Amino acid sequence: MSKGLNLTLKVWRQKNTLSKGEIVDYQLEDISRDMSFLEMLDVLNNRLEKEGKEPIAFDHDCREGICGACSLFINGQPHGPMKGTTACQLHMRSFEDGATIVVEPWRAKAFPVVKDLVTDRSAFDRIIQAGGYISVRTGNAPDANAIPINKKDSEMAMDAAACIGCGACVAACKNASAMLFVSAKFSHLSLLPQGKVEEKERVLSMVDAMEREGFGNCTNTGACEAECPKEISMDNIARLNRKWLSANSFADV
Amino acid sequence: MTWLSNFLSTSVGRKQLMAVTGLGMAGFLVIHLSGNLLLFVGEQTFNDYAAFLHKQKWLPLARIGLIAITVVHIYLAFQLAMQNKTARGTEYYYKAASDATLASRSMIYTGCLIFFYLIIHLMNFTFETVEGPAGLYGLVVTKLSNPTYGLFYVGAMVVLGLHLVHGIQSAFQSFGIGHRGHTPHLKKALIGLAVLISAGFALIPIIMMITKGGA
Amino acid sequence: MLDAKIPEGHVSEKWDKHRFKTKLVNPANKRKYNIIVVGTGLAGASAAASLAELGYNVKAFCLQDSPRRAHSIAAQGGINAAKNYPNDGDSVYRLFYDTVKGGDYRAREANVYRLAQVSNNIIDQCTAQGVPFGRDYGGYLDNRSFGGAQVSRTFYARGQTGQQLLLGAYSALMAQVHTGKVTLYPRTEMLEVVVVDGQARGIITRDLINGAIERHEAHAVCLATGGYSNVYYLSTNAIPCNVTASWRAYKKGAFFANPCFTQIHPTCIPVSGDHQSKLTLMSESLRNDGRVWVPMDKDDKRRPEDIPEAERDYYLETRYPAFGNLVPRDVASRASKGVCDEGRGVGATGLAVYLDFEDAIKRDGKGTIEAKYGNLFDMYAKITGDNPYKTPMKIFPAPHYTMGGLWVDYNLMTTIPGLFALGECNFSDHGANRLGASALMQGLADGYFVIPYTIGGYLNNDLPEVTTEHEAFAQAEQAARDNTERLIANKGNRPVDDFHRELGRLVWDRCGMSRSTEGLQDALERIPEMREDFWKNVSITGTSGEFNQVLERAGRVADFYELAELMCRDALTREESCGGHFREEHQTPENEAKRDDENFAHVAAWEFKGDDAEPERHVEQLEFEEVKPTQRSYK
């Protein structure tokens, strides 16, 4: 373990949304296995800055796996090879000495590239705006214990609410579908009594908003669930489908 | 009537139309297969069944219905496939082994193959003039015991199986009939059903090819 | 003397009376007012949503690509409230009392009492929004005890309470964006506050995608831009967390209070090498079962499992027999630093101590420990590659939270009329030390339940019509442009991170866990030199008219240099030890912090006097009518 890793990095570089991008190769030497993947990119970026070259742009924020900012497609997998792990929590000990690592941005028409590995994921915000909330004004709330909630329902809601909105599901899906994201938010609210009131409107408007953003269609392949860093279940997609069907077909006259 | 147009204008709705038309065709396959299995009961039974079926007044209607759901299914399949293709935008540089099953990734291709098979199948039997004393039974036996046809039919049933293995259980998911408690079993049962349908059809040419010498 | 505008009356009546006396804005008039909210964490998102619900026109700004990524999301443990659901003796008064005492008597009583009062409304509001708090089998909300509190008053959503609360506030904000009452500006950084005739009337921003410098007008500006722990370079904060917005406000006339009050959290994963970019917090709850130790002998390089019991020093248990491993954050952190300074630290860098679960596993069984801490152990294993069930964890203190910040009065208004500061970016209700699970409470209290009332009182003042064509906007815009161009013109050969790391190390050494006169004086000499070096030799690639992360970071580091100086100056003038501020000259014979209530029971608020002049220190005297100061002891 004394010697660090020697790596070949193949990174997508693109100046801005309109320009054409390309894969650029970088050689890295003596990379510590204790580094996180992002710290490895920091090392490369510091070298580029010293040389007066533009460093690689990538989104990152908390670097502890919870904010959902990081969004690297590493060797064909969103967030890289480690299951249930975001790129910022992926460490270089997951790679072999001499490895070639390809790093790309999320690819989806709804997530245009801003620069290099940075994409615009505001489509997710717009889907939430369409109905991913419970309409309760500040001050309106009854006592928190006024409505007991079955522990199991509450735990299931929390499972769905754990989504970090990173977009790995879209990146992994062969159709670039956002169904796992949308269904996770919908399910979180739908599993709680507070969320039932607006359920019908919510499911219809969130699905409509998703449509407008140009995501692909879910073909139930399951790649999203396999790659989700928070291991959100496809059961949520089933729930969304079911609730949409009933909201759309059996709506009040 | 927005609820109706929502089925066509939203991703979830279109998938549910795919599911309902797909399940309709799968249902037809089950009836078709049970009819075909009469081949093994005997020549007379099978030909009587065929004649009985052709006498029914509702047959043209059923045919139109079947054609309609097939057309809808195919139309939506292409529409969805095109949308899915454009939704990606730029392709990935790194081509990874997918997390998804072969069956789920190849639906549009297996679907196309099944369509071509369907045309040949219709020309072989439905639009073929039935001659000779053995009637339709004779035609079927002659065709399917021929190794060229027989193997082609077996191959087609493998493709059909692949399509159904993903299609049937996926249809249930699209309706949201799924739950952590019973989905694993439901899913297994639906996959089993798909295998059973395609294996049942495939069995016919296989047995005919084997028994041809003796029959 | 600063006037905090604390209302008259008993502490329990102040907020009610104040709300009654504050003039209201006519519902029909609310739509005539524009309010800017900078930052979309717990404080910012809750404020923006609540103000929009009232009818104001709100513009909300954040650095991140989405408001949902603000760093409030990373809070793990929980949120306190005085609900007393467990029936174990909690009350508003007790939460108030604990918070004032925990803050080592350097917080404003009236604010803390209000915080405790509204804490219950926060839990109601969040539950109604769909925050999936932990529940018991009867379906009612569960509480746990946290950070050594004697009552169970902490509400939690697994280990992701901050995430769930933020998503609640974010969803409320998104609902208002949908109605059109809030306009959202993601990936936008505030560079200047615009002051017109002494009133804050807008901000200047930079669009981080295309570099456009823009003017935004409003009747009031709320900053909710978080803390400045990243001045240490390594901290538990997110990489982009910065002081820029507060600092630019300070330079426009807002006083900066108690900048030296920073909190160092004792249980973080230690640094693994020079490449380290941030530190990850391990929940404080681990100290309930883990035992902290280092080898007796400083040259002991054996594996921890091979060191016999007699040669281990369980230093917290020996020094503080009454509290043992559960002493408060500041005490635990200082003790770890002490043993590492003696050369007894462990790990590759010598900057770590063991947190050992061997005895707990022997006593309770692996299953019990796994049920309690499984997710934390997994996270630790993911980051370090070590298995904490087999070998002790290594931990070390890390900067975590800043109690200091922009000075605000009872209405959360800074010394610039019309400029408000909410959440961690104000000097807050935590005095010299924040208790666990109180940060989330304060952020949401400010945003949901304080600012919606107090801002109305301000808007009732005479506010002349101002447009972005006003001269003050042009000047502020020019200042922002000049600063950006001055940065981008630097084509040296040292990366920004290098400078930041160097500054961080100095501030950590001199103004971190313990501070001394010589150390602080040395830092005050060296920081200006380092700053000069930065402006000469920093390498800033690219242009100002594009997405440029180097430029962003450089601007923030430039402000950290100036803040670091003020922190050291504040630490030097506060001739006492209190909470997170430990002056080596002021300790008891047992090496504990020694407060000087006679001379320092006050808030120190600094006024900017120009780039080349020394800032002026103002004082807000703290009156303790309810909670009488006593010396803390954990022996």
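In the block above lies the structure referred to throughout.
Criteria and thresholds
- Residues numbered from 1 in each chain as written.
- Chains lettered and ligands numbered in written order.
- Predicted model: local features only at pLDDT ≥ 70, side-chain atom pairs only at ≥ 80, totals over all residues.
- Heavy atoms only, no water.
- Contact = heavy atoms within 4.5 Å.
- Buried area = accessible area lost by both parts, 1.4 Å probe.
- Salt bridge = Lys/Arg side-chain N within 4 Å of Asp/Glu carboxyl O.
- Polar contact = N/O pair within 3.5 Å; in protein donor to acceptor, adjacent residues only side chain to side chain.
- Helix = DSSP H or I, 4+ residues; strand = E, 2+ residues; numbered from the N terminus.
- Nonpolar A, V, L, I, M, F, W, Y, C, P; charged D, E, K, R; others polar.
- Expected span 1.5 Å × (residues − 1).
- Buried < 20%, exposed > 50% of the residue type's maximum accessible area, 1.4 Å probe, protein only.
- Phe/Tyr/Trp six-rings, centres within 6.5 Å; stacked < 30°, edge-to-face > 60°.
- Lys NZ or Arg CZ within 6 Å of the ring centre and 35° of its normal.

**Remarks on the interface of chain A and chain C**
- Residue-level contacts link 75 residues of chain A with 78 residues of chain C.
- With both sides pooled, the region where chain A packs onto chain C buries about 6300 Å², and carbon together with sulfur makes up 50% of that total.
- For the interface between chain A and chain C, the tally reads nine salt bridges.
- The closest approach of N and O atoms between Arg187(C) and Asp59(A), which form a salt bridge, is 2.9 Å.
- Taken together, the connections running from chain A to chain C amount to 45 residue pairs in polar contact (both at pLDDT 80 or more).
- For the side of chain A that touches chain C, the secondary-structure elements that each account for two or more residues are helix H1 (37–50), strand S6 (113–115), strand S7 (118–119), helix H2 (122–129), helix H3 (151–161) and helix H5 (179–190) of chain A.
- The residue makeup of the side of chain A that touches chain C, split by class, is 34 nonpolar, 20 polar and 21 charged.

**Observations regarding H5(A)**
- Here H5(A) spans 15 Å end to end across 12 residues, near enough to the 16 Å set by a 1.5 Å rise per residue.
- Counting buried positions over the 12 residues of H5(A) gives 12, a clear majority of the element.

**Observations concerning the packing of aromatic side chains**
- This model, assessed by the stated rule, comprises 41 aromatic pairs over all chains.
- Relative to Phe155(C), the ring of Tyr85(C) has its centre 6.0 Å away and its plane inclined at 75 degrees; by these criteria the two rings are edge-to-face. One end of the pair, Tyr85(C), is in the loop between strand S3 (79–80) and helix H4 (92–102); the other, Phe155(C), is in strand S4 (residues 154–155), with 70 residues separating them in the sequence.
- Ring geometry for Tyr250(C) against Phe608(C): centres 5.5 Å apart, planes inclined by 65 degrees, an arrangement best described as edge-to-face. Of the two residues, Tyr250(C) sits in helix H7 (residues 244–251) while Phe608(C) sits in the loop between strand S18 (602–607) and strand S19 (616–621), which places them 358 residues apart along the sequence.
- An aromatic cluster of three or more residues is present, and its members are Tyr228(C), Trp247(C), Tyr250(C), Phe256(C) and Phe608(C).
- Sitting above the plane of the Tyr149(B) ring, Lys143(B) keeps its charged end 5.6 Å from the centroid.
- For the cation-ring pair, Arg144(C) lies above Tyr156(C), with the distance from its terminal atom to the ring centre recorded as 4.0 Å.

**A short note on the pattern of salt bridges**
- A full pass over the atoms with the stated rule returns 86 salt bridges over all chains.
- Among the salt bridges present, the one from Lys83(A) reaches Glu231(A), with a minimum N-O distance of 3.8 Å. Note that Lys83(A) is positioned in the loop between strand S4 (77–78) and strand S5 (100–105) and Glu231(A) in the loop between helix H8 (223–227) and helix H9 (235–249), a separation of 148 residues in sequence.
- Relative accessible area serves as the criterion here: at 55%, Lys83(A) is assigned to the exposed category.
- The salt bridge involving Asp597(C) is made with Arg595(C); its shortest N-O contact spans 2.9 Å.
- A residue is classified by how much of its surface remains accessible, and Asp597(C), at 30% relative accessible area, is partly exposed.
- Salt bridges here are not isolated pairs; linked through shared partners, they connect Arg291(C), Glu309(C), Arg312(C), Glu317(C), Asp356(C), Glu358(C), Asp359(C) and Lys362(C).

**Topic: the interface of chain B and chain A**
- On the side of chain A, 45 residues touch chain B, which itself brings 37 residues to the contact.
- Regarding the contact of chain B and chain A, the summed buried area is about 3500 Å², with carbon and sulfur atoms giving 52% of it.
- Counting every contact that joins chain B to chain A gives one salt bridge.
- The closest approach of N and O atoms between Glu211(A) and Arg14(B), which form a salt bridge, is 2.7 Å.
- Summed over the shared surface of chain B and chain A, the number is 27 residue pairs in polar contact (both at pLDDT 80 or more).
- Of all the secondary-structure elements, those providing two or more residues to the side of chain B that touches chain A are helix H1 (2–9), helix H2 (11–36), helix H4 (59–88), helix H5 (102–105) and helix H8 (147–174) of chain B.
- Looking at the side of chain B that touches chain A, its residues break down into 11 nonpolar, 19 polar and seven charged.

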